[in-house]
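A look at the structure
Listed below are the residues making up each chain.
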Amino acid sequence: MSKAIKLSLALLCVASMSGCYARAGDTTATSLQTELPLSEAGLTQVPLSIRTADANHDFIVEVAETGAQQAQGLMFRTRLAPDKGMIFPFPEDRVASFWMKNTVIPLDIIFVRRDGTIESIAANTIPYSLAPVRSNEPIATVLEIAAGRAAELSIEPGNTVSWR
């Protein structure tokens, strides 16, 4: 009987270690997205990369997912770090139109097709402007980064954007 109890305890111990390992494995298998803290504005942050002819440029971007978040965008922000930005993913491709009303800082607005290629860039947009800034064709995502960064990093139409 003693051997049966020892065997049972040994099996129980092994089973509980497996459970801990599985939970630890689940945690490490989660994406970087869940590891990044929410932004100061309470938005999800994800890593984003832009592949140019010469390099890969990495950013951490806030995701404006809801209509309210997209309407707010980067309005009233007084700074945007060079390695930060905001993306506006759309469920369906559309011609996108943005304006800079209540946007304090100049931005580079990058229009991205569904396949991840950059369609066009509106560089150095003018703070507080009501003039529409539009894509030239239906796109899937808009990326906003600090003004001048696209030129500084040689980001141009045809480069590839990937995130999440």
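Predicted, not measured: the structure shown is a model, and the values here were computed from it.

Remark on secondary structure: sheet strands pair via backbone hydrogen bonds, oriented parallel or antiparallel. Ordered by their spatial adjacency, seven strands build an open sheet running β6-β5-β8-β3-β2-β1-β9, and the pairing between neighbours is mixed. For this open sheet the edge positions go to β6 (118-122) and β9 (160-163), each flanked by a neighbour on one side alone. Sheet twist, expressed as the mean angle between neighbouring strand axes with direction ignored, is 30 degrees. With four bridges joining them, strand β1 (residues 45-51) and β9 adopt antiparallel strand pairing.

Okay, the confidence of the model for the protein chain next. For the protein chain, mean pLDDT is 84; residues scoring 70 or higher make up 79% of the total. Note that pLDDT drops below 50 for residues 1-33; the model gives that stretch six contacts with residues more than four away or on any other chain.

Our focus in this paragraph is the environment of Ile105. Within the secondary structure, Ile105 sits in the loop between β4 (97-98) and β5 (107-112). Note: C-alpha distance between Ile105 and Thr78 (27 residues apart in sequence) is 6.1 Å. Those residues in contact with Ile105, other than ones at most four positions away along the chain, are Arg77, Thr78, Arg79, Leu80, Met100 and Pro127.

Take the pairing of strand β2 (residues 56-63) next. Of the strand pairs in this sheet, β1 and β2 are connected by seven bridges, and their pairing is antiparallel. Bridge pairing links Ile50 to His57 in β2. Between β1 and the antiparallel strand that follows it, β2, lie four residues.

Ile109, Phe111 and Val142 are the most contacted members of the largest nonpolar core, which totals 19 residues. Ignoring sequence-local partners within four residues, the contact set of Phe111 consists of Ala96, Thr117, Ile118, Glu119, Ser120, Ala122, Val133, Arg134, Ser135, Ile139, Thr141 and Val142. In this structure, Val61, Val112, Ile118 and Ala150 belong to the second largest nonpolar core, which totals 16 residues.

Along any regular strand the residues' side chains alternate between the sheet's two faces. With four of five residues buried, β6 is to be regarded as a mostly interior element. Two elements, β5 and β6, share four bridges in a ladder whose sense is antiparallel. Bridging across to β6, Phe111 finds its partner in Ser120. Taking the residues between adjacent antiparallel strands as the criterion, β5 and β6 are bridged by five residues, where Gly116 takes a positive phi near 95 degrees.

So, about the packing of aromatic side chains. Applying the stated criterion to the full structure yields one aromatic pair. Ring centres of Phe88 and Phe98 lie 5.0 Å apart, and the angle between their planes is 85 degrees; this geometry places the pair in the edge-to-face category. Taken together, the residues Phe88 in strand β3 (residues 84-94) and Phe98 in strand β4 connect sequence positions 10 residues apart. As far as the burial class goes, Phe88 and Phe98 line up, both buried. Its guanidinium or amino end placed over the ring of Phe90, Arg94 lies 3.8 Å from that ring's centre, counting from NZ or CZ.

Calculation criteria
Residues numbered from 1 in each chain as written. Predicted model: local features only at pLDDT ≥ 70, side-chain atom pairs only at ≥ 80, totals over all residues. Heavy atoms only, no water. Pairing = 2+ DSSP bridges. Helix = DSSP H or I, 4+ residues; strand = E, 2+ residues; numbered from the N terminus. Axes fitted to C-alpha atoms, helices over the stretch in contact; angles between N-to-C directions. pLDDT = per-residue confidence, 0-100. Contact = heavy atoms within 4.5 Å. Core = buried A, V, L, I, M, F, W, Y, C linked by side-chain atoms within 4.5 Å. Buried < 20%, exposed > 50% of the residue type's maximum accessible area, 1.4 Å probe, protein only. Phe/Tyr/Trp six-rings, centres within 6.5 Å; stacked < 30°, edge-to-face > 60°. Lys NZ or Arg CZ within 6 Å of the ring centre and 35° of its normal.

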